[in-house]
Amino acid sequence: MDRIALRGVRAQGHHGVLPSERAEGQPFVVDVDLGVDTRPAAADDALELTVDYGVVAEQIVAIVAGEPCDLLETLAQRLADQCLTHPAVAEVTVTVHKPLAPITVPFDDVTITIKRSRA
């Protein structure tokens, strides 16, 4: 399986369990790794035979900026489900970063990574 990766897609979202997270929002960063057989697209030099990563990036931003959820797990699943709607995508790994999570100790980042496939 070939890999198409998008790294560091940023959007403002209102996800979290705390009322302040819902009201004020915060930045989220998303990485996706799409499993695609790129041979047909390469053979015909045809975008319609692969996945348009520009469209995927726009969809990621729309989901992050859209309907709030309590858990990063839920947000990651929504993103994975959307990526798998593209016919060329057989599997996806999604990492959601929440760099400003409300944690009371020093930290660099909070992430969740999930892997999903059609099978």
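Residues numbered from 1 in each chain as written. Predicted model: local features only at pLDDT ≥ 70, side-chain atom pairs only at ≥ 80, totals over all residues. Heavy atoms only, no water.

### Some thoughts on the pattern of salt bridges
Think of it this way: side chains of opposite charge can pair up when their charged atoms draw near. Counted under the stated rule, the structure contains five salt bridges. For Arg-22, the salt bridge goes to Asp-70, with nearest N and O atoms at 2.5 Å. Residue Arg-22 is located in helix α1 (residues 19–24), and its partner Asp-70 is located in the loop between α3 (53–65) and α4 (72–83); the two are separated by 48 residues in the primary sequence. Of the residues examined, Asp-70 reaches a relative accessible area of 43% and is grouped as partly exposed. (Salt bridge = Lys/Arg side-chain N within 4 Å of Asp/Glu carboxyl O. Helix = DSSP H or I, 4+ residues; strand = E, 2+ residues; numbered from the N terminus. Buried < 20%, exposed > 50% of the residue type's maximum accessible area, 1.4 Å probe, protein only.)

### Details of unusual backbone geometry
The bulk of non-glycine residues show a negative phi, and the bulk of peptide bonds are trans. The residue Asp-45 is not glycine, and still its phi comes out positive at about 50°. With respect to the helices and strands, the residue Asp-45 is situated in the loop between α2 (39–44) and α3.

### Observations regarding the nonpolar core
Within the largest apolar cluster, 28 residues are counted, with the highest numbers of intra-cluster contacts made by Val-32, Leu-34, Leu-79, Val-94 and Val-96. Residue assignment for this core shows that the elements contributing at least two residues are β1 (2–13), β2 (26–36), α3, α4, β3 (89–97) and β4 (111–117). Broken down by element, this core gets its largest block of residues, six residues, from α4. (Core = buried A, V, L, I, M, F, W, Y, C linked by side-chain atoms within 4.5 Å.)

### A look at the sheet that holds β4
Spatial ordering of the open sheet is given by β1-β2-β3-β4, a layout of four strands whose pairing is antiparallel. Taken across any chain shown, the strands that pair with only one partner, and hence form the sheet edges, are β1 and β4. On average, adjacent strands in this sheet sit at an angle of 15° to one another, irrespective of strand direction. Relative to β4, β3 runs antiparallel, the two being bridged by seven bridges. Of the residues in β4, the one forming a bridge with Thr-93 is Lys-115. (Pairing = 2+ DSSP bridges. Axes fitted to C-alpha atoms, helices over the stretch in contact; angles between N-to-C directions.)

### Some details on the packing of α3 against α4
It is at 10 Å that the axes of α3 and α4 come closest, and there the two elements cross at 150°. The angle between α3 and α4 falls in the class roughly antiparallel. Note on packing geometry: the crossing formed by α3 with α4 is right-handed. Along its contact with α3, which presents Val-56, Gln-59, Ile-60, Ile-63 and Val-64, the element α4 presents Leu-75, Arg-78, Leu-79, Gln-82 and Cys-83. (Parallel < 35°, antiparallel > 145°, perpendicular 65-115°, else oblique. Left-handed = near helix turned anticlockwise from the far one by under 90°. Contact = heavy atoms within 4.5 Å.)

### Describing the environment of Phe-28
With respect to the helices, strands and loops of the structure, Phe-28 is situated in strand β2. Excluding residues within four positions of it along the chain, Phe-28 makes contact with Val-9, Arg-10, Ala-11, Gly-13, His-14, His-15, Val-64, Leu-72, Leu-75, Val-96, His-97 and Lys-98.

### Remarks on the UniProt feature "domain: Dihydroneopterin aldolase/epimerase" (unreviewed entry) in the chain
Here, the residues flagged by UniProt with the feature "domain: Dihydroneopterin aldolase/epimerase" (unreviewed entry) are residues 4–116. Measuring from the first to the last C-alpha atom of residues 4–116 gives 15 Å, for a span that is 33% helix and 32% strand. (UniProt positions renumbered as here; feature names shortened; annotations may be inferred.)

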